[in-house]
Amino acid sequence: MPETRPQPARRGCLPATTLLAAVLIFAAKLKRALPIATARVTLLGVPVDPLTMPEALARAEGFIASRRPHHIVTADASGVMQAQDDPALLGIMQQAALVTPDGAGVLLAARMRGVQLPARVSGVDLVEQLSALAAQKGYLVYLFGAAEGVAAEAAEKLKARHPGLTIVGTRNGFFTPAEEPQIVRDIAATHPDLLFVALGIPKQEQFIRGYFTELNVPVMIGVGGSFDVIAGRLQRAPVWMQRTGLEWLYRITQQPKRLPRLAALPRFIVAAWREKV
Ligand code: UDP
């Protein structure tokens, strides 16, 4: 008779799926019952702004009109957890003009606080929407970061999608500390209205804050891996996965080396829960 020993992988699969389903049902129930936040929600010291995408665009336009430099941070669970171990990064996030919620974990943590953030405003969506706005209003855009050729490729894709868009410069994100002052001078000399910096967290936030006044760009945003997605080097998750808060799962299938970073999500939820209690 064949042996019918239970298979360990399958045995683990059922509780994990049940747990995930329970968390999603719980999150959906919370969402229905909660009021929309009207003020910044501070999660583990990081102030997150309750904004929809149109509101974020309107704020960016206000920054451009002011001609003064502003830093926009897109905060996900991994970034917030990095800031717990890096007081300088936490300080940078606290000083930012705007912190948008970028990730299902941040939305869930706000719900645990008793409020709902109206929308997820991710780096890649901001690049796309701000580029559309820039094409319409004549704002100048600079793309800095990612591997050699990726920013230029992303620039071509954006220009094709948003006719009339002016991209005043692109540069890859691999450089030595000695090269930084020249990079900053090159960017500043093009006088962009919008600077997208794709160096990953914390490098992009350190670069923006470190050269804040020298760059003097009205809107500076750290956008992580957005250029890789826009250039087509990485696929974005299907819309249903983005909507159900499962984009992180899709990214793991694309970049398995990101798997260790996934540990930040449960750590973040537990820490946010503890902070609430
Ligand atoms: N990158 C870069 N310079 C560096 C390190 C990384 O330009 O020294 C780029 C990398 O090529 C990728 C992006 O920064 O395009 C990081 O993407 P990731 O999704 O890891 O960003 P995060 O999730 O950290 O915001």
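Up top you'll find the structure we're talking about.
Being a predicted model, the structure only gives us computed values, none of them experimental.

Draft legend 1. Representation of the site of the ligand in the model. Surveying the vicinity of the ligand reveals 16 residues, the closest of which are Gly173, Lys203, Asp228, Arg251 and Arg261. The backbone of Gly225 places a nitrogen or oxygen atom 3.3 Å from an oxygen atom of the ligand. Here the ligand, which alone exposes 550 Å², has 80% of that area covered by the protein.

Draft legend 2. Region of the structure containing the packing of aromatic side chains. Scanning all chains against the criterion turns up four aromatic pairs. Chaining the aromatic ring pairs together yields one cluster made of Phe144, Phe175, Phe207 and Tyr211. Over the face of the ring belonging to Phe175 we find Lys203, whose NZ or CZ atom lies 5.1 Å from the ring centre. Lying over the aromatic face of Phe212, Arg209 brings its terminal NZ or CZ to 4.1 Å of the ring centre.

Draft legend 3. How the structure looks around the pattern of salt bridges. On inspection of all chains with the given rule, the structure shows 12 salt bridges. Between Arg40 and Asp49 there is a salt bridge, with the nearest N and O atoms lying 2.9 Å from each other. The class of Asp49 is buried, set by a relative accessible area of 7%. In the salt-bridge network here, residues are joined through shared partners; they are Asp102, Arg120, Asp125, Arg236 and Glu247.

Calculation notes
Residues numbered from 1 in each chain as written. Predicted model: local features only at pLDDT ≥ 70, side-chain atom pairs only at ≥ 80, totals over all residues. Heavy atoms only, no water. Near = heavy atom within 4 Å. Polar contact = N/O pair within 3.5 Å; in protein donor to acceptor, adjacent residues only side chain to side chain. Areas by Shrake-Rupley, 256 points an atom, 1.4 Å probe, with all protein chains shown as cover. Phe/Tyr/Trp six-rings, centres within 6.5 Å; stacked < 30°, edge-to-face > 60°. Lys NZ or Arg CZ within 6 Å of the ring centre and 35° of its normal. Salt bridge = Lys/Arg side-chain N within 4 Å of Asp/Glu carboxyl O. Buried < 20%, exposed > 50% of the residue type's maximum accessible area, 1.4 Å probe, protein only.

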